[in-house]
Amino acid sequence: MRILISADMEGATGVTWPADCEPGNPAWQRCRSMFTSDVNAAIAGFFDGGATSVLVNEAHATMRNLLLEDLDPRAEMLTGRHKDLTMVEGVQHPDVAGVAFVGYHTGAGAEGVLAHTYLANSITGVWVDGVAASEGYLNSLVAGEFGVPVTLVTGDDLTCKDAQGYAPGAVTAAVKDCVTRYAAVCRPPAVTSKLIREAAKHAAALAVREEPVTGRTFEVAVEFDASHLAAAVAGVPTVRRTDVRRVAFVTDTAFAMIRTFKTVTTVAAAAVEANYG
C-alpha cells in the first residue's frame, strides 16, 4: 500500500498568520518544524495502519519548506516546483492507493485560517460547476480522475468541515479552531502529533483504489479583486472573460482543469502591481 501525502502549510499546527508560512521569515523558520511534525505524524500513522511506502509531495509556496533532515526515514519526499499536477503530483502513478491532504485550509472568500485558493490574495472566489472550490476540492477532483480516494484531511476545524463536502468518507483531524483569518485556538505539537497519527492509522483502511471518475466536463469560474487581473488571464487560450473581474474556462478532464487553473494563477500573480494589486 503506497500513500501520497500532499503537504500544505497554512493548515499546519501553530500556523495562524502570513509570516508563519512565508518562506524566509523568522516565523516561517520556526513553524517549519511544526509543519514537519504534522507530516511525520501522518507518515507514522499510515505505517501503523499497514502502509508499505509513503511519498510526501511538498505543496506549499516554493514547495521547499519541510525539513528533509527531520523527516521520518521510512518516507520519501518530492520537493520543488513546476510539477505537472502541482499539489497532488504523484497521484497519477498506478501504485498510489490513497492520498492525504495534510496542512490544508479553506478556499478563497471563505471563513478559515489563512483561507485562499492558490494565491494568498487577489482571488476572491473559485467555483467548479457552480460549487465553491477550495484547493482540497480541486485536488480531490484530480485524485478522483485517477481512482485515488482522499483518505485523510488535516487543518483547522473549518477545513475539516469543508472536506466533508468533497471527501465525506475521509478521516479528519483539526489541529486548531478558527477564530478569524489570522487567529486560531491552537493545540501544541505534542497533542496534534498524536491526533494526526491516530487519524492516519484509521485512514489507511480507506486506501483502496476506486473506479476512475471520467466522462465529465469541468466549468471553472475565477473571480479576482481587480479588473486588470481578469483582463490579463483572458489572454490564456480557452479562458474567457465573463465579467469585469471574472473569467471562466471549460475542460474535459480534471488533469487539464488543474493545469489550466495553475496557468491562470501564474499569469494573475505576474500581473499584480505593488500596493495597488
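Residue numbers here run from 1 along each chain, matching the order of that chain's written sequence. In view of the model being predicted, local features appear only for residues whose pLDDT reaches at least 70, and side-chain atom pairs are presented and counted only at 80 or more, with totals across whole chains, interfaces and linings using the full set of residues. Hydrogen atoms and water are omitted, and side-chain values are computed over all heavy atoms in the structure.

**What about the state of the cysteines?**
Where two cysteines share a covalent bond between their sulfur atoms, that bond is called a disulfide.
Here is step 1 of the chain: Note that a disulfide, as used here, is simply two cysteine sulfur atoms within 2.5 Å. Within the structure shown, the criterion is met by zero disulfides.
Here is step 2 of the chain: In this model Cys 31 remains outside any disulfide bridge; the closest cysteine sulfur is found in Cys 21, 8.0 Å from its own.
Here is step 3 of the chain: The class of Cys 31 is buried, set by a relative accessible area of 0%. Accessible area is worked out with a 1.4 Å probe on protein chains only. A residue is then buried under 20% of its type maximum, exposed over 50%, and partly exposed in between.

**Section: the packing of aromatic side chains**
Here is step 1 of the chain: Only Phe, Tyr and Trp rings are paired, with Trp represented by its six-membered ring, and only when their centres lie within 6.5 Å; those with planes under 30 degrees apart are stacked, over 60 edge-to-face, the remainder tilted. One pass over the full model with this rule turns up four aromatic pairs.
Here is step 2 of the chain: A ring pair is formed by Phe 101 and Tyr 166, whose centres lie 6.3 Å apart and whose planes are at 45°; its orientation type is tilted. Separated by 65 residues along the polypeptide, Phe 101 in strand E4 (residues 96-104) and Tyr 166 in helix H3 (residues 157-166) bring together distant segments of the chain.
Here is step 3 of the chain: Take Phe 101: its relative accessible area is 0%, and that puts it in the buried class.
Here is step 4 of the chain: A centroid spacing of 6.5 Å and a plane angle of 65° characterise the contact between Tyr 137 and Tyr 166, whose relative ring orientation is edge-to-face. Secondary structure elements are defined from DSSP: runs of H or I of at least 4 residues count as helices, runs of E of at least 2 residues count as strands, and each element is numbered from the N terminus.

**A word on unusual backbone geometry**
Here is step 1 of the chain: One non-glycine residue, Ala 61, lies in positive phi territory at about 50°.
Here is step 2 of the chain: By the secondary structure assignment, Ala 61 is in the loop between strand E2 (53-58) and strand E3 (75-78).
Here is step 3 of the chain: Look at Ala 61 and you get partly exposed, because its relative accessible area is 43%.

**Details of helix H4 (residues 189-203)**
Here is step 1 of the chain: Expected helix span is given by 1.5 Å per residue-to-residue step, counting one fewer step than there are residues. Between its terminal C-alpha atoms H4 stretches 20 Å, which fits the 21 Å expected from 15 residues at 1.5 Å a residue.
Here is step 2 of the chain: Thr 192, Ile 196, Ala 199, Ala 200 and Ala 203 are the residues of H4 that are buried. Each buried residue of H4 lies within a common arc of 100° when the element is viewed along its axis, so the set occupies one face. Opposite the buried face of H4, by more than 90 degrees, sit the exposed residues Ala 190 and Lys 194.
Here is step 3 of the chain: Contact definition: two residues touch when any of their heavy atoms are within 4.5 Å. Buried residues in H4 make contact with helix H1 (26-48), strand E7 (150-156) and strand E8 (171-180). Think of the arc as the fan of directions from the helix axis to the C-beta atoms.

Spatial relationships are all this shows, so hold off on functional conclusions.
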